[in-house]
Amino acid sequence: MEKQVNTLPGRPMKWHKFLIYFLLWFSAIANLASGFQAISGSQYGASANRVYSNFPGLKTIDIIFGLFVLFIAVFTIVTRFKLAGFKADGPKYLILVYIMSAAGSIVYILAVIANTPLTMGDFGSQLIGQIFGPVIMVAINRTYYNNRADLFIN
């Protein structure tokens, strides 16, 4: 059950509501889709068998990564309910969502590089996004929820 909280006029909860009513649901659904895609190899389309026969270790990497992404999807939904219920650990869970997502993507990219002829340069902008995007989101959310810490006491 979601808790209704009276906030002070100087501390609106628009970002919080955006997170719990849209962004975290959207992220969980996107992660579910990505996780199943990685497990099935469908990101390679009709070439999946050829890719996996040329790079046998890649299938294992994709399956492990897919399972991890499915875990993040479930963790994101748990986080959403913790934030909606104004649980004390809700903001910490949100930070963990960003950290786990970034760490998982970085480890995946490094594992792909180690098992294929791809190089760091092939993932340059993606790797930068996987690092700086979550760092920015962690900073924004930490500041936002630190300023509203007194609301998250359950």
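So, here is what we can say about the structure in this document. (Residues numbered from 1 in each chain as written. Predicted model: local features only at pLDDT ≥ 70, side-chain atom pairs only at ≥ 80, totals over all residues. Heavy atoms only, no water.)

### Brief notes about the overall build of the protein chain
Here is the rule: Helix and strand definitions here come from DSSP, where helices need a minimum of 4 consecutive H or I residues and strands a minimum of 2 consecutive E residues; each element is numbered from the N-terminal end. Accessible area is worked out with a 1.4 Å probe on protein chains only. A residue is then buried under 20% of its type maximum, exposed over 50%, and partly exposed in between. Any pair of residues with heavy atoms lying within 4.5 Å of one another is described as a contacting pair. Surface exposure here means Shrake-Rupley accessible area, sampled with a 1.4 Å probe, where a residue is shielded only by the protein chains that are shown. Here the positive residues are Lys and Arg and the negative ones are Asp and Glu; neither His nor the chain ends is included. Charge positions are represented by NZ for Lys, CZ for Arg, CG for Asp and CD for Glu.
Across its full length, the protein chain carries 5 helices and 0 strands. Secondary structure elements in the protein chain, listed N-terminal to C-terminal, are α-α-α-α-α. In terms of overall dimensions, the protein chain has a C-alpha envelope of 60 × 30 × 20 Å along the principal axes. Burial status across the protein chain gives 38% buried among its 154 residues. Considering only contacts within the protein chain whose residues lie at least 6 apart along the sequence, 73% involve residues at least 24 apart. In the structure as shown, the protein chain presents an accessible area of about 8,900 Å², 68% of it carried by carbon and sulfur atoms. Treating the 12 positive side-chain charges of the protein chain as one cloud and the 5 negative ones as another, the clouds have centres 7 Å apart.

### Quick notes on the nonpolar core
In plain terms, the rule: Among the buried residues, those of types Ala, Val, Leu, Ile, Met, Phe, Trp, Tyr and Cys that are joined through side-chain atoms within 4.5 Å form a nonpolar core.
Grouped together as the largest cluster of nonpolar side chains are 17 residues, with contacts concentrated most on Met13, Leu19, Leu83, Leu94, Tyr98, Tyr145 and Phe152. For this core, the elements supplying multiple residues, two or more each, are α1 (14-40), α3 (56-84), α4 (90-115) and α5 (124-146). Setting aside residues up to four positions removed in sequence, phenylalanine 152 forms contacts with Met13, His16, Leu83, Phe86, Lys87, Ala88, Pro91 and Tyr145. Ranked by size, the runner-up nonpolar core spans 13 residues in total, among them Ile61, Val69, Ile109 and Leu127.

### Let's talk about unusual backbone geometry
Backbone geometry places phenylalanine 86, a non-glycine residue, at a positive phi of 55°. By the secondary structure assignment, phenylalanine 86 is in the loop between α3 and α4.

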